[in-house]
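The chain contents come next:
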Amino acid sequence: MGTQSLQYDATLRCSPKRKFQSHAISTPDEPPSKKTLLFNSPEGSVNSSSLGIPKNSGRVARSTPDVPSLEIPPTVDAHDGFEEGERQTEDLVETALVNNANNAAMSSSGDPTQLDGQALLELQNASAAKIQRYWKALQLRRLEARESFCRTLSTLVQNVDWNCFGPDSDFLRQLLFFFNAKRGEDVDMLCKICDILLLYVRSDGDLVTLFAGGVDSSRVKSVVVYRFDWASSEIKPIPFHQLLEFAVCLMNPNFQWSCEIVEYLQMKKVNCFFRGVIGALLQSERHTKYLDCSSALSKILTLVASHVGNYSCHCSSVDPRWSFSSQILSIPSLWHNLPDFKKAFCSNGFISNYILEIASCADVLPTDILANHPGQACLLANVLETATWILSEPDFAPESRAEIIGLCTSLLDGFPKITSPIDRTYVDGTIPIDNDANYYLDVDLQRHILTLFQHLVNAAVSGILSIDFSDSAGLSSTELQFVGSISFFLHGMLHSSITDGIMTELVHTTEIVPALWNFIKSCHTNDKWQFFSKYCSQLLPDAPGWLLPLSIFCPMYSHILQFMDIVELKKSERYVSLEDLPSLVFILKEALWELLLTIPLQSSSLQTTCSPLDNKKMLTQVLKSSVMTGLCELLIQLEKWNNMDQFVPPIGFCSTKAISDEFASQALIVGTHEAEIIRLAPFLVPFDTRLEIFQLRLEADHLLMGNSRQYFGSRTLEIRRTNLLKDAFNNISLLSAEDLKGRIQIVFFNEHGMKEAGVDAGGIFREFMNIITQSAFSLESRLFKETADHLLYPNPESKLAHADHLQYFHFLGVLLGKAMYEGITVCLPFTIFFLRKLKQKETFFNDLFSLDPELYRTLVNLKPKNSDDLSYIYFIAPDGKELFPGGARMHVTAHNVTTYMHLVANYQLNCQNRVQTAQFVRGFQQLIPKEWTDMFNEHEFQLLISGSLSLNVEDLQLNTNYSGEYHMDHVVIVMFWNVLRKFSGRDQERFLMFVTGSARGPIRGFGTLNPKFGIKSYGDDPSRLPLASTCFNQLHLPPYQTEEQMHAKLIQALSSKSGFDLM
């Protein structure tokens, strides 16, 4: 050892207790070597090994400290020579140490008069020899004391009585002076004394009275420290248990020295020792023999833990590295292995006193456990379990509940990113080794933490549900504070990597969704949001009060709706009742509108700063964006459910604030709030306004393409009526995207190969689009199939009908796109799931209802069945194909039936016709970009395609021009409108097809038909059939005499399809 390591402590001689501070205890019977002369060692030279706890192990080690130091047991006043001899021996050793330290200091001072190397070495050796002599004298004195003690009271301590512990007895002082933890007989004597004192305590004896004036705090400390030395050696279960019990007695809070004991133990890093002992108990092969120790260990841990935050305690603060929170609360499964300690720790409210300490030690946790059991995870698990206990206690203060939830939130927010081992497993079962900073959490530990999250949420929800939301006065400040802390915790949990997959468990195993909804509804009804904002201290003061609760409610309720079926929605009262759904829609849409108008359109990059205000701004902005996304997704799902089973009028999803004359024109300007609303939340805007925006986009694109809607520059297609589909396919497939957006004229050839009369001014093209779509999408083409409700979807087996079926699907997509681009409605009723595919939206289980209602109901009915009723079902699709490799050999059970249902739906909706749908969408988007159709839901999209399902005769009558002899009040005109109203729906469609070339009226009404519908007088012969000019949307109507005659002639003209080529 270099002499520079020796430093003189000037406080040694002036210490009233005459003791050396911060020294580890040397073995009394061993002479000091050069190592034992070191004291006041630098921080870090004492580690867990100095307490007999080797790293990465829970076993108790027998090795002595690597860098032990010399401590002379402190003394007390005495009346005999024994005490004086001890003091003289200590003085001699202390003098030698001080001289040695001074010599070492002189040699390193840099003084030119210092001794040379040889002289210094001789002085050091002389000092060392003197110390050895003093040490041997001390050991001799201890030996003599041991012999005298044994002669007086017998080796087996059989002569000990209660008087030996009185204030005038030297019994304990003598024992502690010569006690050596490595001597078996000394340990036996100590254990016997412990038995006696424990018997005294169990007999209602008072140790405070017994020890009054007999042993001061420093002597009691030595007993506890010697227990540590003994525990660090080869131990026996019974003495260990006895000494733990006795240590509990000596740390009785009634003793005046209790704080000094705990402070001394903390200085000796006692929590590291406890950590090692607990690890040894758990890992020892003799675990069952140590069960009795858990009770005593729980008691002593409780006593130590009680000294933090205690108003009557004056213990010094502890380095976070060696603190109770760092060393004890990060032990895996602590509460499971020490249930008594858990009960005492939780019931006494210790966690409230440890909130700051836990927060300060999160970055200095021990790393002596396996890498897949990181300290952060173990600490989080133990704190979660503690918080669950406390929230389950009705008598616990509400303010403290909020603090504990806040602690859980801070631990969760600071939790490092983790990766599940399952996600990183190779095919051969091995896990790759890499150097990234992610934590790879043990699967069982992660499941345990997820279970604790559920328990904590249940406990928290119980507190929320206990609130009387029906009170007109609203929630109290305490209740608002509690809900605020729970909301922040849940928000952090949903965005933490450790909680992947917890959403399903939370929404189905807890009552968090109905609890949140009741809270949201109560705050909205009683106008409490402004008060709730005060308890969201992490956000800006002007942040909306509903921001935080909705950030949790929206994704959770969206998750529920995603997996709920129609029957469950109608019958379910667990989450949100049907009666409450209109209120929910109103609250959500109002919140979304406010966010859309307050969030900056061009959000600057978020910069991390140290300013609390800037951090609040960043968190508030991030939360607003998150809530806006959640609101949009939830409202879209609710609108979808409303279309299946209406619970609110469609206009109920629109905001009245979106109705203005300038909205449509402003929505076309990139960067405006109107454009963002259309992009993110189009359902807030009335359907008519969105139709206007769609029409404006079409017109703008027509101008951009240079299409002036004149005759020149058009493409002419020759189509044989007898070979309609093939000719259309061959001609249109050759056109480029620019050609497709240009003007196309049609020349028809009849069944005789003759060119039909007439010039295509638009009417013939509209007729072509209607008849080609009817032919191409018919069942005879075998490209599309029909559901039982006659709704169209791609035929999964289309390749059997056409070798180039994928090219045909691309062609069909182009046809539909061209029809929409030209404003032509075509009678093509598609299934809802295919319309979602056409919009490139995901499909879910409930979309199966639009494809196969019977299969959907069959799958829904499997949910309540047990495993025996499902044993005949395997993981195969209705067509016999496996849903996944090996599915034909796996039974469906009550546990995996939901997975089976969704796999079947995925196969039917997505797998069977994936390639056909992809080609159709590709062709469609050559003319209609995705963003144009994103602002419509599926039902509205169908209206864009097919127009109104029925003819609005009144609207047509209001938008009709008359010419010739006819006018509004002419008798023939009056008869005509009466006849048209009496037509069947099918005949009305045929009439529109006859006069306009389209079977459906314009979506926005006949006022948008260009040119307007007209009726012109046609001769004076009532026996003639009416004629039509589809290019000009005009009907040539003879002057019929009666309604019956007019009805018969019109039906005859519609049925014979005559009249067009005559014009």
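Residues numbered from 1 in each chain as written. Predicted model: local features only at pLDDT ≥ 70, side-chain atom pairs only at ≥ 80, totals over all residues. Heavy atoms only, no water.

A. Expanded view of the overall build of the protein chain. Helix and strand content of the protein chain: 44 helices and ten strands. Out of the 1063 residues belonging to the protein chain, those deemed buried represent 53%. Restricting the contact set of the protein chain to residue pairs at least 6 apart, pairs at least 24 apart contribute 73%. Accessible area for the protein chain stands at about 48900 Å²; split by element, carbon and sulfur atoms hold 52% of it. (Helix = DSSP H or I, 4+ residues; strand = E, 2+ residues; numbered from the N terminus. Buried < 20%, exposed > 50% of the residue type's maximum accessible area, 1.4 Å probe, protein only. Contact = heavy atoms within 4.5 Å. Areas by Shrake-Rupley, 256 points an atom, 1.4 Å probe, with all protein chains shown as cover.)

B. Expanded view of helix α43 (residues 985–996). Counted at 1.5 Å a residue, the expected span for α43 with its twelve residues is 16 Å, and the 16 Å between its end C-alpha atoms agrees. If you check which residues of α43 are buried, you get D987, Q988, E989, F991, L992, F994, V995 and T996. (Expected span 1.5 Å × (residues − 1).)

C. Seen up close, the confidence of the model for the protein chain. Averaged over every residue, the pLDDT of the protein chain is 75; the share at 70 or more is 74%. In this model residues 213–238 is a low-confidence stretch, pLDDT under 50, and it forms 72 contacts with partners more than four residues away in sequence or in other chains. (pLDDT = per-residue confidence, 0-100.)

D. Spotlight on the packing of aromatic side chains. Counted according to the given criterion, the structure contains 35 aromatic pairs. Between F273 and F274, the ring centres sit 5.8 Å apart and the planes meet at 55°, which makes this aromatic pair tilted. The same class applies to F273 and to F274, which are both buried. Between F875 and Y900 the ring centres are 5.5 Å apart and the planes differ by 90°, which places this aromatic pair in the edge-to-face class. Of this pair, F875 sits in the loop between α36 (853–860) and α37 (897–911) while Y900 sits in helix α37; the two residues are 25 residues apart in sequence, bridging distant segments of the chain. Three or more aromatic residues joined by ring pairs form one cluster here, namely F777, F784, F809, F830, F834 and F920. Sitting above the plane of the F177 ring, R142 keeps its charged end 5.5 Å from the centroid. The ring of W322 carries the charged tip of K269 above its face, separated from the ring centre by 4.4 Å. (Phe/Tyr/Trp six-rings, centres within 6.5 Å; stacked < 30°, edge-to-face > 60°. Lys NZ or Arg CZ within 6 Å of the ring centre and 35° of its normal.)

E. Expanded view of the environment of G1007. With respect to the helices and strands, the residue G1007 is situated in the loop between α43 and β8 (1013–1017). Sequence spacing of G1007 and L958 is 49 residues, and the spatial spacing of their C-alpha atoms is 8.3 Å. Residues contacting G1007, with those up to four places away along its chain left out, are N959 and K1012.

F. Seen up close, the environment of F830. Residue position: F830 is located in the loop between α33 (805–821) and α34 (832–838). The class for F830 is buried, based on a relative accessible area of 3%. For the pair F830 and P794, spaced 36 residues apart in sequence, the C-alpha separation works out to 9.6 Å. Excluding its chain neighbours within four sequence positions, the residues that come into contact with F830 are F777, F784, L791, L792, L816, L835, Q942 and I945.

G. Structural context of unusual backbone geometry. Unlike most non-glycine residues, S333 shows phi in positive territory, near 50°. Relative to the helices and strands, S333 is located in the loop between α11 (324–327) and α12 (334–337). The class for S333 is partly exposed, based on a relative accessible area of 40%. A positive phi angle, near 65°, is found at H790, a position not held by glycine. By secondary structure assignment, the location of H790 is in the loop between β5 (784–786) and β6 (792–794).

H. Examining the sheet that holds strand β10 (residues 1034–1037) more closely. Read across the open sheet, the four strands follow the order β7-β8-β10-β9; overall the sheet is mixed. Edge positions in the sheet fall to β7 (960–963) and β9 (1027–1029), since each has one partner strand and no second. Direction aside, the axes of adjacent strands within the sheet are offset by 20° on average. For β7 and β8, the ladder comprises four bridges, and the chain directions are parallel. Residue Y962 lies in a different strand from β8, and its bridge partner there is I1015. With respect to the sheet, helix α42 (residues 971–982) is in contact with β7, β8 and β10, its orientation differing from that of β8 by roughly 135°. (Pairing = 2+ DSSP bridges. Axes fitted to C-alpha atoms, helices over the stretch in contact; angles between N-to-C directions.)

I. Broad picture of helix α40 (residues 938–946). When you tally the buried positions in α40, you get seven out of nine residues, the bulk of the element. For α40, the complete set of buried residues consists of E938, E940, F941, Q942, L944, I945 and S946. For α40, the capping residue at the N-terminal end is N937, with a side-chain oxygen 3.1 Å from the backbone nitrogen of H939. (Polar contact = N/O pair within 3.5 Å; in protein donor to acceptor, adjacent residues only side chain to side chain.)

J. Seen up close, the pairing of β8. Across the five residues of β8, four count as buried, placing the element largely inside the fold. With four bridges connecting them, β8 and β10 associate as parallel partners. The partner of S1017 across the bridge, within β10, is L1037.

K. Summary view of the packing of helix α13 (residues 339–347) against helix α16 (residues 375–392). Between α13 and α16, whose axes approach to 10 Å, the crossing angle comes to 60°. As the angle between them shows, α13 and α16 are arranged oblique. In this structure, α13 crosses over α16, and the sense of that crossing is right-handed. When α13 is examined against α16, the residues K342, K343, F345, C346 and S347 are found in contact with a partner set consisting of E385, T386, W389 and I390. Looking at the contact of α13 with α16, its residues break down into four nonpolar, two polar and three charged. (Parallel < 35°, antiparallel > 145°, perpendicular 65-115°, else oblique. Left-handed = near helix turned anticlockwise from the far one by under 90°. Nonpolar A, V, L, I, M, F, W, Y, C, P; charged D, E, K, R; others polar.)

L. Representation of the pattern of salt bridges within the structure. Under the defined criterion, the tally for this structure stands at 26 salt bridges. Between D319 and R321 there is a salt bridge whose closest N-O contact spans 2.9 Å. Each of K640, R836, K839, D847 and E938 takes part in one network of salt bridges that share partners. (Salt bridge = Lys/Arg side-chain N within 4 Å of Asp/Glu carboxyl O.)

M. Layout of the pairing of β10. Relative to β10, β9 runs antiparallel, the two being bridged by three bridges. Bridge pairing in β10 places L1027 opposite H1036. The hairpin formed by β9 and β10 contains four residues between the paired strands, and N1033 there has a positive phi angle of roughly 55°.

N. Up close: a negative patch on the surface. Taken together, D661, E662, D688 and E692 make up a surface patch of like negative charges. Checked against the element boundaries, D661 lands in the loop between α26 (612–644) and α27 (663–667). Taking the relative accessible area as the measure of exposure, D661 reaches 73% and is therefore exposed. (Patch = residues over 30% accessible without salt bridge, like charges linked within 9 Å, V, L, I, M, F, W, Y side chains within 5 Å. Lys, Arg positive; Asp, Glu negative; His and termini not counted. Charge placed at Lys NZ, Arg CZ, Asp CG, Glu CD.)

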